[in-house]
Amino acid sequence: MNKAVVINGSPRMERGYTAVVVEPFVEGMMDAGSHVEVFYASRLKVKPCACGELYCWNEAPGECCIKDKMQLLHPRLRHADILVLATPVYIPLPGDMQNVINRLCPLLEPVLEFRKGRTRARFRKDVRIRSIVLVSTGGWWEKQNFGTVLRIVKEFAQDASVNFAGAVLRPHASVMKRDGELTQDGRAVLDAVRKAGYELIKDGVMREETLKAISRPLISRAESPA
Ligand SMILES: Cc1cc2nc3c(=O)[nH]c(=O)nc-3n(C[C@H](O)[C@H](O)[C@H](O)COP(=O)(O)O)c2cc1C
């Protein structure tokens, strides 16, 4: 069975707009037959990487020198086919999310290869992840706000030598709700998000058309408060 791990980096966890988008994405993946586990970076509260000497590569390959909740996450990640990194844009990432990403280092082989002009690593042989997906929400109007986060996640996928399977991006995410309730547009966006999750598992790719429906403007630039 296909397995996926979702790491939601929003400090607002279940109450955040990122969770509003991640929930139907997970439902779509599950409808398509995936087994999905969701973790919150701010609940795991993993410490920052402190082994500047790459202990997890040089001294004890595959092992982290810091003992905390990352030890719970590593085995789940080793057995997952898909990793979904879900995060709000926080110029660029919330701190707890950045800590989790840094602490993925023990899952990488201590071998560097020079490919297409760049130095790249790869996941260790006991790590099953083949695809990485980004799910992100932002507060501002334009999609360009996701540029840095998108680049970080794409770079990480390339560093791990796995497929970057695409990005589910929802700018001016708060506009999906009015007075605490989803608007009609908000519901349509979340239906498209559910479809994207389903497509990811069924077809291995999310259709361009589906991703566009998720990130389409819900108000004009002029109406935007930010
Ligand atoms: C510290 C901080 C920095 C932010 N920077 C940006 C930004 O650069 N671009 C953007 O579109 N939104 C930015 N936002 C807004 C959040 O990305 C947006 O409100 C998001 O949907 C929050 O998700 P959450 O409710 O899951 O935490 C920022 C918010 C915070 C608190």
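Scroll up to find the structure this text is about.
Residues numbered from 1 in each chain as written. Predicted model: local features only at pLDDT ≥ 70, side-chain atom pairs only at ≥ 80, totals over all residues. Heavy atoms only, no water.

1. Topic: the pattern of salt bridges
In step 1: Counted according to the given criterion, the structure contains 17 salt bridges.
In step 2: The closest approach of N and O atoms between Lys 45 and Asp 96, which form a salt bridge, is 3.0 Å. Taken together, the residues span a long stretch of sequence, with Lys 45 in the loop between α2 (41-44) and α3 (55-58) and Asp 96 in helix α5 (residues 95-102) at a distance of 51 residues.
In step 3: Classification of Lys 45 as exposed rests on a relative accessible area of 53%.
In step 4: The class of Asp 96 is buried, set by a relative accessible area of 16%.
In step 5: Here the salt bridges share partners, and the residues they tie into one network are Arg 118, Arg 120, Glu 155 and Asp 159. (Salt bridge = Lys/Arg side-chain N within 4 Å of Asp/Glu carboxyl O. Helix = DSSP H or I, 4+ residues; strand = E, 2+ residues; numbered from the N terminus. Buried < 20%, exposed > 50% of the residue type's maximum accessible area, 1.4 Å probe, protein only.)

2. Considering the side chain of Asp 81
In step 1: One can find Asp 81 in the loop between α4 (70-78) and β3 (82-88).
In step 2: Looking at Asp 81, its side chain comes within polar contact range of the main-chain nitrogen of Lys 3, at 2.7 Å.
In step 3: A distance of 2.9 Å separates a polar atom in the side chain of Asp 81 from a polar atom in the side chain of Arg 128.
In step 4: With sequence-adjacent residues up to four places away left out, Asp 81 is seen in contact with Met 1, Asn 2, Lys 3, Arg 128, Ile 129, Arg 130 and Ser 131. (Polar contact = N/O pair within 3.5 Å; in protein donor to acceptor, adjacent residues only side chain to side chain. Contact = heavy atoms within 4.5 Å.)

3. What about the packing of helix α1 (residues 17-31) against helix α7 (residues 184-203)?
In step 1: As a packed pair, α1 and α7 sit with axes 7 Å apart at the nearest point and diverge in direction by 40 degrees. By the criterion of interaxial angle, the relationship of α1 to α7 is oblique. As α1 packs across α7, the resulting crossing turns out to be right-handed. In this structure, α1 uses Val 20, Val 21, Pro 24, Phe 25, Glu 27, Gly 28, Met 29 and Asp 31 to contact α7, whose residues at the interface are Leu 190, Val 193, Arg 194, Ala 196, Gly 197, Tyr 198, Leu 200 and Ile 201.
In step 2: Looking at the contact of α1 with α7 residue by residue, the class counts come to eleven nonpolar, two polar and three charged. (Axes fitted to C-alpha atoms, helices over the stretch in contact; angles between N-to-C directions. Parallel < 35°, antiparallel > 145°, perpendicular 65-115°, else oblique. Left-handed = near helix turned anticlockwise from the far one by under 90°. Nonpolar A, V, L, I, M, F, W, Y, C, P; charged D, E, K, R; others polar.)

That's the geometry; what it means functionally is another story.
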